[in-house]
Structure formats: C-alpha cells, structure tokens
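# Summary of structural features
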Amino acid sequence: MDTEAMMRPSTTPRSRALATEAVHAGRDDLAALGLHAPPIDLSTTYPSYDSRAEAERIDTFATTGARLDGPPVYARLDNPTTARFETALARLEGTDSAVSFASGMAALTAVLLARASMGLRHVVAVRPLYGCSDHLLGAGLLGTEVTWTDPAGIAEAIRPDTGLVMVETPANPTLAEVDIRALAHSCGSVPLLVDNTFATPVLQRPAEHGARIVLHSATKYLGGHGDVMGGVVACDEEFAARLRQVRFATGGVLHPMAGYLLLRGLSTLPVRVRAASASAAELSRRLTSDPRVARVHYPAVGGAMVSFEVYGDPHRVISAVRLITPAVSLGSVDSLIQHPASISHRIVDEEDRQASGVGDRLLRMSVGLEDVEDLWTDLCQALSDPPARTAAGNVPESRPAGR
C-alpha cells in the first residue's frame, strides 16, 4: 500500500458543495489505491534501513514542522489515518491545514504553548467560554496571562505581548454570539481564535470572516456518536507546522482509531447538524412559550444546542428526564441535558460564572436525532410545575438567580 500517497494532502480545489466535501475530503486517493473504505494504520513505528536519510528527515521536521514525505518515523510525529481526518477538516473549514490532538483541551494547550514559545503569553478572551478553557486561561497553568473583556474592548486590551484573542461563538453554554468579522478587525495583527465546536463548518466557517485559528472539540459534532475523543485546530500551514512540533514534543496525539472514527463522522456531519438543528429550533420555539421557562437562548446562526432558564428547580429537571440523557458533553446522535453551574462550568469562579450569564437556573440541552415530539413529551414531564398565577392570572415577574 502506498503510505506516502495516503499521507499526502489532497490538492483538489475547494469548489465542491460542503455535503460533497464532507463525504469525499480525505478520501480522494482511495480509488487509486484500490480501496473504498479508508484504511486504519495502527503502527507506532515504521521500519527504515537508511538511518542517514531518517536523520535528514527528522532534521527537516525539527526545522520546519512540515509533514514528511514518505512514511512517518514514529506515531507521535504523524499518522496516515489521522492525516486523512486533518485534510478533510481543513477542507471543510476552508483553511490550508489542520492539526489533530487527543482532545479539545490538548488542542487549545498546543495553541497556547505555540504562541508562548514566541514570547507571546498574553491572551485576550471573551466570556463565556467552555469551563475548562476558561480555567486553563485563568489559572496560569501554562504561564499565560489573560485579560477578560467584552467584544467592544478587544482592541484596547491588546498589548505588545498579546499572542491570541479567543472567543467562542455560539458560546458555551449561553449560546451568545459575536460578529467574527468585526472582532477580527479589532484584533489587527493578533490572531483571532474562534472555538467553532457548537456551530461546526456546516453553519459557519470563521476563517472566511477573518479568524486565523479555528478550534474544535472533535469529541462533539465532528465525531457525532459519543464514542470518540479528539481535538483539532484548523489554520494556515505556517502555524500548523509549529503546532506539529508542539504535538511531537508534548505527545498529545490523536489515536489512529479516533482519527478513523472522526473521518467517518465528518461524512454525515451536514445531515446530522441540519436535522438536529431543525428539532432544536422547534423545541426553542415551544420552550419560549412555556410558562415554566423563564428565558430561552437559541443562536441566530442556528444549531442543535438550546439553553433555557427555568422558574423551578433545574436539578429536578435533570433527575426527571427519561428519554433525554442527563450527561455532560454534546453533539451526539442522542439528546443530552446538563446543568452547567454544576458540571461543565463548575470550575469557573462563581462570580465570573454568574457575570457571564451562566446562572444557577440555566440548563443546556444538546438536541439529537430523536423525533421532536418524543423529545418535547420528555421535556414537558420533566419541567417543574409552572409558577402560581396572581389573581389577575399573570405569572409573577420573578427571574432566575444570578440574573
């Protein structure tokens, strides 16, 4: 089997529809190899009888970070199966390259380390972010310093040592949105990183609006079945080369089986996202008119995530669902619900959490592919009783805690 051909990124121009790219990107060479399904390369090492040539290849990688011609030297450097996934994701996001990692947090860590290695340890960030992303930036675990600001304050917050501006849109878990193009303009020469986990390239491609780095927790919609963990960064080739060097040094590699599952997940990504988004939009509409619900968050870009604040006890809803699974994470074919203040954003300081809109009565739901009527039936029976009405028949003007 021609391993070199498997490793080589496709040169097919991005002129095909997204649904077509999702099925074919990363697989363009299969027919020439006499294959239909992508192969899985589980090798950890690769034989070579020319140690001098191997030394030259390793020197080249150490200098440039570029993918090597021929088979990898060692699985921590590269892998043909994960390379297919990277090629496909880059095509879907419209970037030169993509670099995969063992998890979304490993991907963000590599980005921060790559910028810090250039003496750029300061990060400007907009809340809310995923709770662990917030913690990684704020805790200084990697020697980074963060300035939290709103979108209007980004330009003022940038310093000479700012290496990155980071936003998540739609944001986790409030689904707040920002204008990516306007933010990219505010960043000037500083790279804008957009966490695109919730929207996926099906709903938005941040690179087309000026973002230079696009981050995904591939565990979510890209995999789509709740059975694979991974992360990926889509960017230009110059930054991708540096990320590969960080990945080689730190070891946060994506397992080949995970790369295979993620590539397979991409093939159904547009169908899954659009179907789940239609159900999510309908549930959002119904929740908005439900007297037991104080407020509903659903992004203008659409998507399969819905967040809502209840008048009653949110923990009762979590314990009462029967079809919807009460669990952290999102993006699976089955619907999940969780209480962010207790789980995904528990690690964020309470005052910061509340200030960014993550209140104690907020619930976050990842809508799957079940029939929308079945989902609505389960939500209805799980929601707390509606608040008592006044003599005039009106619901009292109470608001969730922390709002």
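Summarised in this report is the structure supplied together with it. (Residues numbered from 1 in each chain as written. Predicted model: local features only at pLDDT ≥ 70, side-chain atom pairs only at ≥ 80, totals over all residues. Heavy atoms only, no water.)

This part is about the packing of aromatic side chains. A ring pair, where both rings are aromatic, is described by two values, the distance of the centres and the angle of the planes. This structure, assessed with the given rule, holds one aromatic pair. Plain terms: the ring middles of F61 and F248 are 5.6 Å apart, the flat faces sit at 75 degrees to each other, and that makes the pair edge-to-face. Taken as a pair, F61 in helix α3 (residues 51-64) and F248 in helix α10 (residues 237-250) lie far apart in primary sequence, 187 residues in all. The ring of W148 has R127 lying over it, and the distance from NZ or CZ to the ring centre is 3.8 Å. (Phe/Tyr/Trp six-rings, centres within 6.5 Å; stacked < 30°, edge-to-face > 60°. Helix = DSSP H or I, 4+ residues; strand = E, 2+ residues; numbered from the N terminus. Lys NZ or Arg CZ within 6 Å of the ring centre and 35° of its normal.)

Here we come to the sheet that holds strand β4 (residues 162-168). Pairing is mixed across the open sheet formed by seven strands, whose spatial order is β1-β7-β6-β5-β4-β2-β3. The two strands at the open ends of the sheet, each matched to only one other strand, are β1 (97-101) and β3 (145-148). Shown here is a sheet whose adjacent strand axes are inclined to one another by a mean of 20 degrees, direction ignored. Two elements, strand β2 (residues 122-125) and β4, share four bridges in a ladder whose sense is parallel. (Pairing = 2+ DSSP bridges. Axes fitted to C-alpha atoms, helices over the stretch in contact; angles between N-to-C directions.)

What follows concerns the environment of L77. Within the fold, L77 resides in the loop between α3 and α4 (80-93). Its relative accessible area of 6% is what places L77 among the buried residues. Note: C-alpha distance between L77 and F248 (171 residues apart in sequence) is 5.3 Å. In this view, L77 contacts F61, L68, R247 and F248; residues no more than four positions away in its chain are not counted. (Buried < 20%, exposed > 50% of the residue type's maximum accessible area, 1.4 Å probe, protein only. Contact = heavy atoms within 4.5 Å.)

Right, let's talk about the nonpolar core for a bit. By size, the foremost hydrophobic cluster in this structure holds 32 residues, and its most contacted members are F85, L89, Y221, L222, L262, L266 and L269. Looking at this core, the elements that each hand over two or more residues are α2 (18-24), α4, β7 (231-235), α11 (256-267) and α12 (269-288). Looking at this core, the element that brings in the most residues is α11, giving six residues. When sequence neighbours within four positions are dropped, the list of residues in contact with L269 reads T200, P201, V202, Y221 and L222. Counting residues in hydrophobic clusters, the runner-up holds 25 residues, among them L108, A110, V123 and L137. (Core = buried A, V, L, I, M, F, W, Y, C linked by side-chain atoms within 4.5 Å.)

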